[in-house]
Amino acid sequence: MLVDICDTVVVHVRPKECPVRLVFLDCGIVSMLTEHDQEQLKDVFRAVVLGEGEKVAILMLEGSRVHSCSDVEAYKKQMADIVKTAREQTVKLGQIQVAELLKSVFNCLIEHKVKLESNFASVLLAVMILEGLGRSLDPDLDIMERSKPYLFKHR
């Protein structure tokens, strides 16, 4: 399945100036996601939604083709702390800096020498890019609640 992660069309109505304003947004991020890749991504996001930080760490470690993590327990604890922080802040765009959260995840992966697969990295990068747009459109959007039907479908 070929997925263009960020092709978006937004129509904004402004009656005083111009009746219709059309904005095209294309982040230019295209990634090939196999069924396995899709399931792996859903498993990781599902674990985040459920607050299972150590499971997130294990899934990322298992999904990494190459890693040289020498202290798996420290890595799992650090990832669990990141997920716990995210859960405590909720994931309403107006309350959390998604880019900061993902930066913490990337730093954890780098520190523990866990290589993130390119497809997964592309998705996370797209989330970081679209955070600002989502925040401006609906700062009260709760990403975790809105993602549950998709993440837990067929479970």
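Residues numbered from 1 in each chain as written. Predicted model: local features only at pLDDT ≥ 70, side-chain atom pairs only at ≥ 80, totals over all residues. Heavy atoms only, no water.

Caption draft 1: Up close: the side chain of Glu117. Checked against the element boundaries, Glu117 lands in the loop between α4 (98–111) and α5 (118–137). A relative accessible area of 14% places Glu117 in the buried class. Excluding anything up to four places from it in sequence, Glu117 contacts Gly63, Ser64 and Arg65. (Helix = DSSP H or I, 4+ residues; strand = E, 2+ residues; numbered from the N terminus. Buried < 20%, exposed > 50% of the residue type's maximum accessible area, 1.4 Å probe, protein only. Contact = heavy atoms within 4.5 Å.)

Caption draft 2: Inspection of the nonpolar core at higher detail. Counting 24 residues, the largest nonpolar core has Val56, Met60, Tyr75, Met79, Leu109 and Phe120 as its most contacted members. Those elements that provide at least two residues to this core are α1 (35–49), α2 (53–63), α3 (72–89), α4 and α5. (Core = buried A, V, L, I, M, F, W, Y, C linked by side-chain atoms within 4.5 Å.)

Caption draft 3: Expanded view of the confidence of the model for the protein. Averaged over all residues, the pLDDT of the protein is 77; the fraction at 70 or higher stands at 73%. When mean pLDDT is taken per element in the protein, α2 scores highest with 93 and strand β1 (residues 2–4) scores lowest with 44. Low pLDDT, under 50, characterises residues 1–14; the stretch is placed with 44 contacts to residues that sit more than four places away or in other chains. (pLDDT = per-residue confidence, 0-100.)

Caption draft 4: Expanded view of α3. An ideal rise of 1.5 Å per residue puts 26 Å on 18 residues; α3 measures up with 26 Å between its terminal C-alpha atoms. Considered for burial, the residues of α3 that qualify are Tyr75, Lys76, Met79, Ile82, Val83 and Ala86. Down the axis of α3, the smallest arc covering the buried residues is 125°, so these residues share one side. Opposite its buried face, α3 presents the exposed residues Glu73, Lys84 and Glu88, each directed more than 90 degrees away. Looking at the buried residues of α3, the elements they touch are α1, α2 and α4. (Expected span 1.5 Å × (residues − 1). Arc of directions from axis to C-beta.)

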